[in-house]
Amino acid sequence: MEKERLIDLFVKYSGEVPASIDKLPGAGSNRQYYRLTGADGVSVIGVVGTSEEENRAFVELSKCFESRDFSTPKLYAHSDDYMVYLQEDLGSTSLFDFLKEGREKGGDYNGREVNMLALVMSELPKIQFEGGGEYVFSKCYPQPEMDKMNIMFDLNYFKYNFVKLTGVEFNEIRLQEDFDKMAAELLQEDGNTFLYRDFQARNVMLKDGQPYFIDYQGGRKGPIYYDVASFLWQASAKYSDELRRKLIKEYYHSLQYYIDSRECPDCYKGMTFAVFEKRLHQFVLFRLLQVLGAYGFRGLWEKKKHFIDSIPPALANLKEELALGTCDDYPYLKQVCESLIEWAPKPFVHDELIVRVFSFSYKKGIPEDVSGNGGGYVFDCRSSNNPGRYAEYKKITGLDKPVIDFLEKDGEILDFLDHIYPLVDFHTQRWLDRGFKDLQISCGCTGGQHRSVYSAQHIAEHLSEKFGVEVHLCHREQGITQIFNKK
């Protein structure tokens, strides 16, 4: 239904039916993205949202930012209810993708990667200082500015979803006193600056060698330091202290243009680098507590492996801040943080459940159940377009990039898996809750070579990442096996 609404909107915008419409892989939100291409080969991105207020914020902020010549996507059209809209196609390469090699080397970024990071940081002050204003803030969702309620929500999230779940004992009244003091200090600036709120590498797209900024719909009025802290202290990025300092100086160099101008808010006017750096680290501390709250909920409570694995590097960052004296003004909070650093999450692997995932050919029969519990799920992948019908794909499999690109561009396999993931997630969680030891999931297609292999591989990786269970993957017809999270 929503896909048809996008097509209708494209027709109204361009005067023609799209020559193709391809669903794009999902991101962190519930929004769905499509690439719609006209007969002339020019494409736009179609977005289907789930929140009218959030969509409206993005649309209205995009209009404002375009009028101010920001490096943000152009907004082409939107439905009257804001539930679907068309925006500029900025390609498929995010800054996060661009930095993959350096990230996989443990933070050993090459010159090209460092230069791009420096360019991104130098662009941020423009959005912060030129992106504000009463009209802009009136369009922000869910509220126009960062206030004490925002800060206390995040600090309490840290308290209840991380500290409590670790078992570290604390005095709630004394901790609250430090939280109140921290909130007052974080809000001491009263500048008319735009706080991006979700400034991270995944929200920067690269097109023709230039950065473009997306997903700012959660922005609001607020202090400039928060965005810098969010970006540079992202635990998974593994930025070295040396690189962080270089990027902070790049940001400050660009910032000077604004703090030396007549229009600069009084709270930032004439600010020295030493003052800026000290204030920045107060927000780094706050941001680390906020992140640990999220990791606690997703990891310690929901038992998602990725978030549990993210806790140690976040605690390492927290330890560095304590060593710098950032927490000295909050003595009881410092004591709690020191106890958390001594606590360390054990490597997370479920001790009992093993999920067996197969790809197979229907011509050779459904995989045998080795557990004796009946065989579990069998998903028929033959409803999706078959790469095996084309000569160029006959000798490769669903693990090879040309086949992956074919299936994902076509989009049917992505829709298929979008329906499967919630089902296997529910089943896996129930099996964990009930202490069962075996779950089998089989994906079949005509030859057991393309669609079933792609689907089984993605289901196995999904369950391994989300639940930390031991997954045994077998592409039966290809003679390929793999084990995830082996004990």
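From a predicted model like this one, the values you see are computed outputs, not experimental measurements.

Attention shifts here to the nonpolar core. Formed by 98 residues in total, the largest nonpolar core has its most connected members in Leu95, Phe276 and Leu333. Looking at this core, the element that brings in the most residues is helix α11 (residues 273-301), giving twelve residues. The residues touching Leu333, leaving out its near neighbours within four places in the chain, are Phe158, Leu175, Asp178, Phe179, Met182, Leu289 and Cys327. Membership of the second largest hydrophobic core comes to 33 residues, among which are Tyr377, Val403, Ile420 and Trp431.

Across the sheet, which stays open at both edges, the five strands sit in the order β11-β12-β10-β13-β14 with mixed pairing between neighbours. Taken across any chain shown, the strands that pair with only one partner, and hence form the sheet edges, are β11 (377-380) and β14 (480-484). Ignoring which end each strand starts from, the neighbouring axes of this sheet average 15° apart. As paired strands, strand β10 (residues 354-361) and strand β12 (residues 438-445) are joined by eight bridges and run parallel to one another. Bridged to Phe358 within β12 is Ser442.

Here we take up unusual backbone geometry. Note the cis peptide between Tyr141 and Pro142, where omega equals 5°. Positive phi, close to 60°, is recorded for Asp69, a residue that is not glycine. Here Asp69 is to be found in the loop between α2 (52-67) and β4 (75-78). Residue Asp69 is classed as exposed on the basis of its relative accessible area, which comes to 61%. Positive phi, close to 55°, is recorded for Asp208, a residue that is not glycine. As for its placement among the helices and strands, Asp208 is situated in the loop between β7 (204-207) and β8 (210-213). With a relative accessible area of 73%, Asp208 lands in the exposed category.

Take the packing of aromatic side chains next. According to the stated counting rule, one finds 33 aromatic pairs in the structure shown. With centroids separated by 5.4 Å and ring planes inclined at 85°, the aromatic side chains of Phe65 and Phe194 adopt a geometry described as edge-to-face. Here Phe194 lies in strand β6 (residues 194-195) and Phe65 lies in helix α2, a separation of 129 residues in the sequence. Looking at Phe65, the relative accessible area reads 1%, which means it is buried. The class for Phe194 is buried, based on a relative accessible area of 0%. A ring pair is formed by Phe199 and Phe213, whose centres lie 6.0 Å apart and whose planes are at 35°; its orientation type is tilted. With Phe199 in the loop between β6 and β7 and Phe213 in strand β8, this pair connects stretches of sequence that are 14 residues apart. Taken together, Phe58, Phe65, Phe70, Tyr85, Tyr109, Phe194, Tyr196, Phe199, Phe213, Tyr216, Phe231 and Tyr239 form an aromatic cluster joined through their ring pairs. The ring of Phe96 carries Arg103 above its face, with NZ or CZ at 3.6 Å from the centroid.

This next bit is on the packing of helix α7 (residues 148-166) against helix α8 (residues 172-186). The relative placement of two packed helices comes down to the angle between their axes together with the axis-to-axis distance. One can describe the packing of α7 onto α8 by two numbers: an axis separation of 10 Å at closest approach and a directional angle of 145°. Crossing of α7 over α8 shows right-handed handedness. Judged by residue contacts, Lys148, Ile151, Met152, Leu155, Asn156, Phe158, Lys159, Tyr160 and Lys164 of α7 engage Glu172, Leu175, Gln176, Phe179, Asp180, Met182, Ala183 and Leu186 from α8. Class assignment for the residues of the contact of α7 with α8 results in ten nonpolar, two polar and five charged.

Right, let's get into the sheet that holds strand β5 (residues 84-88). Reading across the sheet, the five strands line up as β1-β2-β3-β5-β4 and stay open at both edges, with antiparallel pairing between neighbours. Across the chains shown, the open sheet's two edge strands, defined by having one partner strand only, are β1 (20-23) and β4. Adjacent strand axes in the sheet meet at a mean angle of 25°, parallel and antiparallel pairs treated alike. In the packing of helix α1 (residues 2-14) onto the sheet, contacts are made with β1, β2 (32-37), β3 (43-48), β4 and β5, and the angle to β5 comes to roughly 55°.

What counts and what doesn't
Residues numbered from 1 in each chain as written. Predicted model: local features only at pLDDT ≥ 70, side-chain atom pairs only at ≥ 80, totals over all residues. Heavy atoms only, no water. Core = buried A, V, L, I, M, F, W, Y, C linked by side-chain atoms within 4.5 Å. Buried < 20%, exposed > 50% of the residue type's maximum accessible area, 1.4 Å probe, protein only. Helix = DSSP H or I, 4+ residues; strand = E, 2+ residues; numbered from the N terminus. Contact = heavy atoms within 4.5 Å. Pairing = 2+ DSSP bridges. Axes fitted to C-alpha atoms, helices over the stretch in contact; angles between N-to-C directions. Phe/Tyr/Trp six-rings, centres within 6.5 Å; stacked < 30°, edge-to-face > 60°. Lys NZ or Arg CZ within 6 Å of the ring centre and 35° of its normal. Left-handed = near helix turned anticlockwise from the far one by under 90°. Nonpolar A, V, L, I, M, F, W, Y, C, P; charged D, E, K, R; others polar.

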